[in-house]
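Below are the chains, spelled out letter by letter.
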Amino acid sequence: MKPAAFEYSRPADIDEVCALLAADDGARVIAGGQTLVPLMAMRLARPSRLIDIARIPGLAFVREEGNEVVVGATTRQHVVESDPVVRAKLPLLAKVMPFVGHTATRARGTVGGSLVNGDPAAEIVLVAVTLGAALIWRDGGTNHSIAASDFFLGPMVTALPLTACLAEARFPVWPEPRVGVGFHEVSARQSDFAFVSAAAQIALDADGRCTRAAIGIGAATAVPLRLDAVAQALQGQRYDETKVRESAKAALADIEPMADLHASAEYRKRVAATMAVRAIADAYQDAARRA
Amino acid sequence: MTAPGKFRFVSSDRRVREDRRFVVGKGSFAADIVPQGVKHVALVTCPHPAARIVSIDKAAALAIPGVHYVLEGAELAGATNVLAAGLDTPNVPRYPLALNVARYAGEWVAAVVADSRALAEDAAEAVAIEYAPLPFILDADEAYKPGSTLVHEAHGSNVLLDRTFVWGEVEQDFAVSPHRLKHRVKWGRSSTVPIETFGVTASWDPWREILDIWASIQMPKYPDQTAMVLKIPMSSVRVHYDVDVGGSYGVKRGIKHTVLVGYLSKRLGMPVRLIEDRLENMRGGDMHGPERNFDVEVAFDDQGIIRSMKMRALDNVGAYAGRSPFQLGKPVGAIVGPYKIKSVQYQAIAVVTNKTVQEAVRAFGQSPTNYAIERTIDEVAVKLGLDRLEIRRRNMIRHEEFPYLIPSGSTYDSGDYHTVIDKVLAHAGYGELIAERDRLRSAGTLAGIGIAACLEPSGGNSSFEPLLNPKVGTTTWMDSCRISIDLVGSITATMHTTSAGQGHETLVGTVVGEVLEVDPDKVRVVRSDSLNALPSNSPVGSRMAIMLGGAAFHAAKQLKDKLTAIAAHDLGVPVERIAYKDGSAFDTSAPDKKRTWAELVTMAHRHIHKLPEGMEPGLSVSHIMPVPMGGGLPTADGRVQMYPCYSFEFHLMLVTIDPDLGKPEIKRYVIGHDCGTVINPKIVRGMTLGGIAHGIGAALYEEFAYNEDGLLVAQNFMDYLLPSAHEVPFVEIVHHETPSPLTVFGQKGSGESGYLGAPAAIASAVNDAVRPLGIVVDSLPIKVARLGDMIAQARENNAREAKKGN
Amino acid sequence: MKVELDINRQKHTVEVEPRLSLLDCLRDKLLLIGAHAGCEHGVCGACTVLVDGAAIRSCLMFAVQADGVAITTIEGLSPGPGELSPLQDAFCETHGMQCGYCTPAMILAAHALLSKNASPTREEIVDAISGNICRCTGYAQIVEAIALAAERMRGQNDPVRP
């Protein structure tokens, strides 16, 4: 299981990355390599050139800018996992990070790599869609911004142009004082890709009523789903399991779930509702704990 | 932990000597051995489940610089004999590379030799093969039917073995029993999948005429089969047994790999190696385990006493006949489990299909059989409304009934099943466990208690060979040990096979130390190569504590007797008056008259004039040990002593299942384990816990799944799911020792422990949990989403029924 | 390509093809054979080494990516010939292995954990080794080894201990 031969480049900056991509149709960007390299080992991916962006200055960072937390594309997942800004301002991202692969893959894997890879079961992808992150790529010497929900087009398919390189992801920070999050996923083994996952972020007023909610379902369909109708229905509501279940089921009634070796489409559809309910319940509880 | 006093070193909690080299990365595994100039093999494999090979174009591959050779099946088959098969099936020939027809997806069609593995893979891609796809068959029931698609045209059917044994008055016992129960359970296709793939390096020296082989092998008859297939004398094959094997659990039997690289090394005059990559290993490494459908029918009375059993085991052995059909034979030696079932009808069927070839897997068919027996006992209990434990107690052989002859001809040596169960129940707090299950149930979770009581036949012998293939008359599988005390008094013991983590060097050191009353750590233990080896049949069938331990014991005992005789002669007293203690020998009636170790050793090696007349000088002894109770051929109706010793294990667990997700979780796991005298507690504990982890894998996660196109879809570690530390729960072991009367210390085998009963226990727990829903889970593995779908369907049906009822 | 590697605090310059994994480079070029190939697609963890103190999969990293980082292999853990680190010794004490194939990687994963967390809980130990598959042991004696090593290492500076 050895990759086919390739050339290796380590450009100095992101514009050089784009130039290299433009010059060679077969070139691929590598950051952490935790998804790409296995595909190369099995020769399911055969890039003619690997463009290593891991050491480009200024692409690995976490910082707060206004009402956003910005995460640089090559920021290692284990850095985000323990980053104090993420913990304080992006509780949903902090919550899912331990579910991303294993300790050893988070030490190499990057946030940008996960996003660009576009696996519908990837936790970081789900958070980006659920929270409505903006993804910024560099192409032709300029920056372009796209909403996460427009970025993911299908399993492992994104809107990223062939000559572009992701630079950063901008996650909105909710200013409300009582924000809670919930995340659930089901898989065969604890660290496998989920059959279904659900993420919820909810803001409560002093009375315990929802003032804002974001709900997302991952792994069930070709791209993560945002359950905006469910979020809408939660407005002004205290937690009511029956109502939540009904609205989740209704929101998921027409989805087209994927099926594979490990889980049927029926399973994914049915369990998506369960996962959503559990994530929402957790988010309510989490928010309620905050003064 | 302290030694229980009976022994000085045996049973004491000593470190395992092998561990020191492994913790510093200084093991010597097959891939670590790199002869100068070695070339690398990569394989071209068939992408179809069945296809005629129309043409092979090697030109593009050979044009790549650094590529030395492309070997195809016709050349190899022309130069070698067919690979040995266990059964008498001459029309099912098997070669390392497919000859004209490939019969499963992943089968090796050509082998490329190059300067590096990466180059070999490049070249393998460049070999252009034209295939004409053929009809294929995957399902064992279908394959068994007359007129089904044939895997091997010349054989005339897909059936390799179909034999029905009747032991006792089965029909009569059925006729007089008031109750019967018949059901089908399935054991899915999984394997033990070591983390090290199979690897072998061969180097032919044409001047010495020796083929050196370094392999991660665990296989009886490996050097002789290699020699016979390659048509060279066995004295030209030198297998190096000092290679550390990175896990095997039965499956490291790369005979086809070895023949391939052996041939290539001879053909090319270069050392050649094949280290399987994971895809080659999973698809074409021929290491899948049993895939079995059991139809079991039992006859029993109102008390739940099971009088008779009819078992039909249909095994899907994959595309060729290796040794794997024998895995239907070994369970004959424990076909009634720990129960007093008077009569048995056993139909053993092996069919070929277009799946990857099956190989021996830990327990050699006993774990699936135990699963079928235990599932049946549970169902009988349910049918009669009896407690699952109580029914087991009633049917079990009692301590005072040993030795106990079962209908199929094996005598169980010893056991104390009821006591082990009582100890486990007391340890676990059985009443509290049931209360906990019921609490969980009333809180809305599915919860179940799993129970399994299983035997581990040990001391592995070959009796299944003559049982299933009358042309084979092998009646024992000896193992051996040679011990020498050198002229300065150091002790070196030699063993004659590889190990795959079973701690055999520690075993030998402990036994020799025990007998000669010296520090076991001072006993050097080395491995021979096959050219200077005594007979061994490798660590299979839970045999080494009994067989290697026994051989080491007897060799050491002979040395001790010799030292005693030398002392007696030199002291001029009768040998009966000499006592041996801590390496010295003294006159029991005058204890100050003694000869020390140094004096005895010096006499034996240098002062021949002081030795008793006719005594061989030096201190070197070999012992070749036959299997206890072995040596008998099967009777005409197929009764035979299979293995000599029978370990026992009793599993008790609490499992919850999230009713919405179908995800099982083991909340508590207690195992009672009795393998007689334990020689090394650390090793036995590790074997048992590791076996349970394998069992958890087979029961819940691991499956070589195929799609409708006949392709193996679980062929990498993202889809074939090995339990990680997350998935294996904390397991409590309750220890009990019922010594075997047949072995030197009372030891029995434990190399397969845990695995023998864990799948049965998990199936028992899951079924206990879902039974309130009115469903039965009758096949392994029990995968999350599949179980989730079953539960959802059942709830929906039940809700509909309830509505109707209203 | 030429790449300069810092392995076990020693510098090595090696000539590699870009497609050579760090694992194969360690084994084939530098004869550091304690890192093992298990799956070569990043699942089993047998190839684990430390990069800047973090456990990583050396089959998922190319040697050309590995310049300028500090690599530690199992060969770098033992204090001297014939000597064991406290963690290695603890693995021997509990028999936290059988065949020894996954062992170097398991010890490195544990080493990375203990260097960040001197008093890990059982859950933390389990999680830290959950990316390393062992087929022999069922993990219990491995978890015990790591807990024992942690305990002993915490006591290392305790003056009452011999």
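Residues numbered from 1 in each chain as written. Chains lettered and ligands numbered in written order. Predicted model: local features only at pLDDT ≥ 70, side-chain atom pairs only at ≥ 80, totals over all residues. Heavy atoms only, no water.

A. Representation of the interface of chain A and chain B in the model. Each partner contributes residues to the interface: chain A has 26 residues there, and chain B has 31 residues. Roughly 2,400 Å² is buried in total at the junction of chain A and chain B, and carbon and sulfur atoms are behind 55% of that figure. Run the count over chain A and chain B and you get seven salt bridges. Our count for the chain A to chain B interface comes out at 20 residue pairs in polar contact (both at pLDDT 80 or more). Considering each element in turn, the side of chain A that touches chain B owes the most residues, seven residues, to helix α12 (residues 265–289) of chain A. Taken together, the residues of the side of chain A that touches chain B sort by class into 12 nonpolar, six polar and eight charged. (Contact = heavy atoms within 4.5 Å. Buried area = accessible area lost by both parts, 1.4 Å probe. Salt bridge = Lys/Arg side-chain N within 4 Å of Asp/Glu carboxyl O. Polar contact = N/O pair within 3.5 Å; in protein donor to acceptor, adjacent residues only side chain to side chain. Helix = DSSP H or I, 4+ residues; strand = E, 2+ residues; numbered from the N terminus. Nonpolar A, V, L, I, M, F, W, Y, C, P; charged D, E, K, R; others polar.)

B. Representation of the side chain of His 152 of chain B. All names here are of chain B. Among the secondary structure elements, His 152 is positioned in the loop between α5 (140–144) and β7 (159–167). For His 152, a relative accessible area of 2% translates into the label buried. In this structure the side chain of His 152 is engaged in a polar contact, spanning 2.6 Å, whose partner is the backbone oxygen of Ala 319. Look past the residues within four positions of His 152 in its chain and what remains in contact with it is Asn 91, Val 92, Pro 93, Arg 103, Ser 157, Asn 158, Ala 319, Tyr 320 and Val 352. (Buried < 20%, exposed > 50% of the residue type's maximum accessible area, 1.4 Å probe, protein only.)

C. Main features of the interface of chain B and chain C. Between chain B and chain C, the contact holds 52 residues from the first and 49 residues from the second. Each partner contributes to the roughly 4,000 Å² buried at the junction of chain B and chain C, and carbon and sulfur atoms together form 56% of this total. Counting the surface chain B buries against chain C, the share from its top three residues, Arg 15, Val 23 and Ile 195 of chain B, is 17%. The tally of links between chain B and chain C comes to seven salt bridges. Measuring nitrogen to oxygen at the nearest pair gives 2.6 Å for the salt bridge that ties Arg 27 of chain C to Asp 32 of chain B. Counting the contacts that link chain B with chain C gives 24 residue pairs in polar contact (both at pLDDT 80 or more). Element by element, the count of residues in the side of chain B that touches chain C is highest for helix α18 (residues 681–701) of chain B, at nine residues. The residue inventory of the side of chain B that touches chain C, partitioned by class, reads 26 nonpolar, 14 polar and 12 charged.

D. Representation of the sheet that holds strand β18 (residues 446–458) of chain B in the model. Residues and elements named next belong to chain B. On the basis of which strands lie adjacent, the open sheet formed by four strands has the order β18-β26-β27-β28 and mixed pairing. One side of each edge strand has no neighbouring strand; the edge strands of this open sheet are β18 and β28 (732–735). This sheet shows a mean twist of 20 degrees between the axes of neighbouring strands, independent of strand direction. Bridging between β18 and strand β26 (residues 645–658) involves 13 bridges; their strand directions are antiparallel. Paired with Ala 452 across the bridge in β26 is His 651. Along the sheet face, helix α11 (residues 388–395) touches β18 and β26 and points at about 20 degrees away from the line of β18. Sitting on the sheet, helix α20 (residues 784–805) touches β18, β26 and β27 (663–674), and the angle it makes with β27 is about 110 degrees. (Pairing = 2+ DSSP bridges. Axes fitted to C-alpha atoms, helices over the stretch in contact; angles between N-to-C directions.)

E. Inspection of the domain arrangement of chain C at higher detail. Residues and elements named next belong to chain C. Domain annotation for chain C reports domain 1 (2–74) and domain 2 (86–155). Facing the 17 residues of domain 1 at the interface are 13 residues of domain 2. Carbon and sulfur atoms make up 63% of the area that domain 1 and domain 2 hide from each other, which totals about 1,100 Å². It is His 36, Leu 50 and Ile 74 that lose the most area in domain 1 upon contact with domain 2, and together they represent 42% of the buried surface on that side. Here domain 1 and domain 2 share zero salt bridges between them. The biggest single contributor to the side of domain 1 that touches domain 2 is strand β3 (residues 48–51), with three residues. (Domains from an automatic or database assignment.)

F. Representation of the packing of aromatic side chains in the model. Residues and elements named next belong to chain B. In the structure shown here, the tally under the stated rule is 22 aromatic pairs over all chains. For the ring pair Trp 167 and Tyr 346, a centre distance of 6.4 Å and an interplane angle of 20 degrees mean the geometry is stacked. In this pair, Trp 167 sits in strand β7 while Tyr 346 sits in strand β15 (residues 343–351), placing the two residues 179 residues apart along the sequence. Accessibility expressed as a relative area gives 0% for Trp 167, which makes it buried. The exposure class of Tyr 346 is buried, given its relative accessible area of 0%. Aromatic rings pair up to connect Phe 326, Phe 364, Phe 464 and Trp 477 into one cluster. Above the plane of the ring of Trp 204 lies Lys 266, whose end atom (NZ or CZ) is 4.8 Å from the centre. Over the face of the ring belonging to Phe 174 we find Lys 310, whose NZ or CZ atom lies 4.5 Å from the ring centre. (Phe/Tyr/Trp six-rings, centres within 6.5 Å; stacked < 30°, edge-to-face > 60°. Lys NZ or Arg CZ within 6 Å of the ring centre and 35° of its normal.)

G. Expanded view of the packing of helix α7 (residues 222–230) of chain B against helix α8 (residues 255–268) of chain B. Residue and element names in this part refer to chain B. Packing of α7 against α8 brings their axes to within 10 Å, and their N-to-C directions diverge by 50 degrees. Put simply, α7 runs oblique to α8. Crossing geometry of α7 relative to α8 is assigned as right-handed. Along its contact with α7, which presents Tyr 222, Gln 225, Thr 226, Val 229 and Leu 230, the element α8 presents Ile 255, Thr 258, Val 259, Gly 262 and Tyr 263. Of the residues assigned to the contact of α7 with α8, the class counts are six nonpolar, four polar and no charged. (Parallel < 35°, antiparallel > 145°, perpendicular 65-115°, else oblique. Left-handed = near helix turned anticlockwise from the far one by under 90°.)

H. The arrangement of empty space enclosed by the protein in detail. All names here are of chain B. This structure, assessed with the given rule, holds 12 cavities of 30 Å³ or more. In this structure, the largest cavity spans a volume of roughly 600 Å³. Forming the walls of the largest cavity are 42 residues, and the residues nearest its centre are Gln 502, Ser 542, Arg 543, Met 687 and Gly 751. The dominant element in the lining of the largest cavity, judged by the number of residues it contributes, is α18, at three residues. (1 Å grid on protein atoms, 1.4 Å probe; cavity = no way out; pocket = protein on both sides within 12 Å on 5 of 7 lines; lining within 4 Å. Points joined across faces, edges and corners; volume = space filled by probe spheres on them.)

I. How the structure looks around helix α11 (residues 241–252) of chain A. All names here are of chain A. Under the 1.5 Å per step criterion, the end-to-end length of α11 is 16 Å for 12 residues, consistent within 8% with the ideal 16 Å. Looking only at α11, the buried set comprises Val 244, Ser 247, Ala 248 and Leu 252. Down the axis, α11 shows its buried residues gathered within 130 degrees of arc, on one side only. With respect to the buried face of α11, the exposed residues turned more than 90 degrees away are Thr 242, Glu 246, Lys 249 and Ala 250. (Expected span 1.5 Å × (residues − 1). Arc of directions from axis to C-beta.)

J. Here's a closer look at unusual backbone geometry. Residue and element names in this part refer to chain B. With an omega of -10 degrees, the peptide bond between Phe 402 and Pro 403 qualifies as cis. With respect to the helices, strands and loops of the structure, Pro 403 is situated in the loop between α11 and β16 (404–405). With omega at -5 degrees, the peptide bond leading from Leu 780 into Pro 781 counts as cis. Topologically, Pro 781 is positioned in the loop between α19 (758–770) and α20. Of note in the backbone geometry, Ser 11 takes a positive phi value of approximately 80 degrees without being a glycine.

K. Region of the structure containing the pairing of strand β13 (residues 210–218) of chain A. Residue and element names in this part refer to chain A. For β13, a buried count of seven out of nine residues is recorded, marking the element as mostly surrounded by other parts of the structure. Here strand β12 (residues 196–204) hands over to β13 after five residues, with Gly 208 in that stretch at a positive phi of 85 degrees. Two elements, β13 and strand β14 (residues 225–226), share two bridges in a ladder whose sense is antiparallel. Across the sheet, the residue bridging to Ile 217 is Leu 225, located in β14. Following β13, the chain reverses through six residues before pairing antiparallel with β14; Ala 219 in that reversal takes a positive phi of roughly 75 degrees.

L. How the structure looks around the packing of α18 of chain B against helix α5 (residues 140–154) of chain C. Put simply, α18 of chain B and α5 of chain C touch, their axes get as near as 9 Å, and they point 125 degrees apart. Between α18 of chain B and α5 of chain C, the angle is such that the two are oblique. Where α18 of chain B abuts α5 of chain C, its residues Lys 682, Arg 685, Gly 686 and Leu 689 of chain B lie against Ala 140, Gln 141 and Glu 144 of chain C. For the contact of α18 of chain B with α5 of chain C, the class distribution of residues is two nonpolar, two polar and three charged.

M. Main features of the domain arrangement of chain B. Residue and element names in this part refer to chain B. One can read the domain layout of chain B as domain 1 (33–134 + 198–275), domain 2 (366–459 + 642–797) and domain 3 (478–625). Computed from C-alpha coordinates alone, the two centres of domain 2 and domain 3 are separated by 41 Å. At the junction of the two partners, domain 2 supplies 19 residues and domain 3 supplies 17 residues. With both sides pooled, the region where domain 2 packs onto domain 3 buries about 1,200 Å², and carbon together with sulfur makes up 74% of that total. At the surface where domain 2 touches domain 3, the tally comes to zero salt bridges. At the surface where domain 2 touches domain 3, the tally comes to six residue pairs in polar contact (both at pLDDT 80 or more). Within the residue set of the side of domain 2 that touches domain 3, elements represented by two or more residues are β18 and α18. With three residues, the top contributor of residues to the side of domain 2 that touches domain 3 is β18.

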